[in-house]
Every structure is written in structure tokens, then in C-alpha cells.
Amino acid sequence: QGAHGIAEMITSLSRMLEEITKDTRKIVPLSEELSTVEDYFLIQNYRYFGNIAFEKEIADPTLLDTPVPRFIIQPIIENAIFHGIEPKGKGTVRLIISEQEDTIRIAIRDDGVGMSEEKINSLLIIDPEEARLDKVGIHNVNQRLLHTYGEAYRLTIKSVPDQHTEVT
């Protein structure tokens, strides 16, 4: 029917749904986490009519063999799109994977609307009395990182209002 991209979107969606519903592993190779992110981004790119771009910078391909908790990147990319780029209308999400002192560093940077220091603090520190659905993704990823790797490994957020945000 001339609906270009439908097969590609359906394939990506079915892979994501299968991973969510059938794969019970808590830890996966980083390469599998990236596949999920690429499927998610493809769907979002159609949704936003190509107004979002996705770039990857991987310092060393062997880092992709590293085991990581499932779904630690997708929620951050989702926030970058919905809260950073969507209000601006278009933009780029960049995923940067590197190694620093025997530790893998995963950074997600967007060139969206940015946020204040107050907003950053409210995302990382959630009072159960004030928990809202719009804060669950970032908080959940942070808690899973802390639980899996300890206090030294947590999310950090740096942002400049009206310019960019980077979640590491």
C-alpha cells in the first residue's frame, strides 16, 4: 500500500516484544542491549518522521561483549527523545561507549532543551511519597546499577538548559 518502512517497524517491534516477554536474563552482552536500543530508535524515528538522529561512538568493539543489566540504555534514550528533543522539534541522540580505568562508560547525549540542576536532582532522588511515572525510568536504571555494581556506579546527569543533556 505504499507504506514504506512498515515491515521494518513491525520487525523491530516484534523483536523488542519478544525480548521483553520471553528473555528472562537480568544480564546481557552490551551488544544485545544495543540491538534493543536500535530497534527502539528505529520505531521512534518513524514516529517523529525522521526528525531525530541516532549516532553511536564505540571506542573499542570488544566492549560490546561486556555483560550489562538489561534495559539500562533504552529508558535513558526514551527520556532524551521525549523530554529533550521532542520539545525542540528535532535533534540528535548520541551514544558513546568507552573505557576508562578498566570501567565501561556509557553516555547518552542529546542536543535537546536541557534541564536545570533542580530538575536533575529531582530525577535522581525520588521520595516514595512523591513518586511519579515520569521519573520511574531514570530512577529504576540508577537503582539497578547501584544494586548490581555498588555505590561507585550510578547515573550522573550533566545538562545546560537550551543546549544539551548527557546521562552517564
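Each remark here, short or long, concerns the structure printed above.
Here the residue index of a chain counts from 1 through its sequence in written order. In keeping with the model being predicted, local features are shown solely for residues with a pLDDT of at least 70 and side-chain atom pairs are shown and tallied solely at 80 or more, while totals for entire chains, interfaces and linings include all residues. Side-chain measures were taken over the full set of non-hydrogen atoms in the model, leaving aside hydrogen atoms and water.

### Notes on helix 2 (residues 30–47)
Using the following cut-off: Strands here mean DSSP runs of E at least two residues long; helices mean DSSP runs of H or I at least four residues long; both are numbered from the N terminus. In this analysis, the expected span of each helix is defined as 1.5 Å times one less than the number of residues it contains. Per-residue accessibility, obtained with a 1.4 Å probe over protein chains only, is compared with the maximum for each type, and a residue is labelled buried under 20%, exposed over 50%, and partly exposed between these values.
Here helix 2 spans 26 Å end to end across 18 residues, near enough to the 26 Å set by a 1.5 Å rise per residue. Regarding helix 2, the residues found buried are L30, E33, L34, T36, V37, D39, Y40, F41, L42, I43 and Q44. Looking one or two places after helix 2, you find F49, whose phi comes out positive at around 55 degrees.

### What about the sheet that holds strand 4 (residues 91–100)?
In plain terms, the rule: Strands qualify as paired when DSSP identifies two bridges or more between them. Every axis in this analysis is a line fitted to C-alpha atoms, fitted for helices over the stretch in contact. Angles between the N-to-C directions lie between 0 and 180 degrees.
Spatial strand order, 2-4-5-7-6: five strands in an open sheet with mixed pairing. Bordering the open sheet on either side are strand 2 (52–58) and strand 6 (157–160), each of which pairs with just one other strand. Averaged over all adjacent pairs, the angle separating strand axes in this sheet is 15 degrees, with direction ignored. Taken together, the seven bridges between strand 2 and strand 4 define a ladder with parallel strand orientation. Looking at the pairing, I58 lines up with I97 of strand 4.

### Digging into the nonpolar core
Nonpolar side chains in soluble globular proteins generally cluster together in the buried interior. Threshold: To define a nonpolar core, start from buried Ala, Val, Leu, Ile, Met, Phe, Trp, Tyr and Cys residues and group those joined through side-chain atoms within 4.5 Å. Whether two residues touch is decided by their heavy atoms; if any such pair falls within 4.5 Å, the residues are in contact.
Counting 34 residues, the largest nonpolar core has I73 and I77 as the members making the most contacts within it. Elements supplying a minimum of two residues to this core: helix 2, strand 2, helix 3 (74–85), strand 4, strand 5 (103–110), helix 4 (117–124) and helix 5 (136–149). Setting aside residues no more than four positions away along its own chain, I73 makes contact with L30, E33, L34, V37, L95, I106 and I108.

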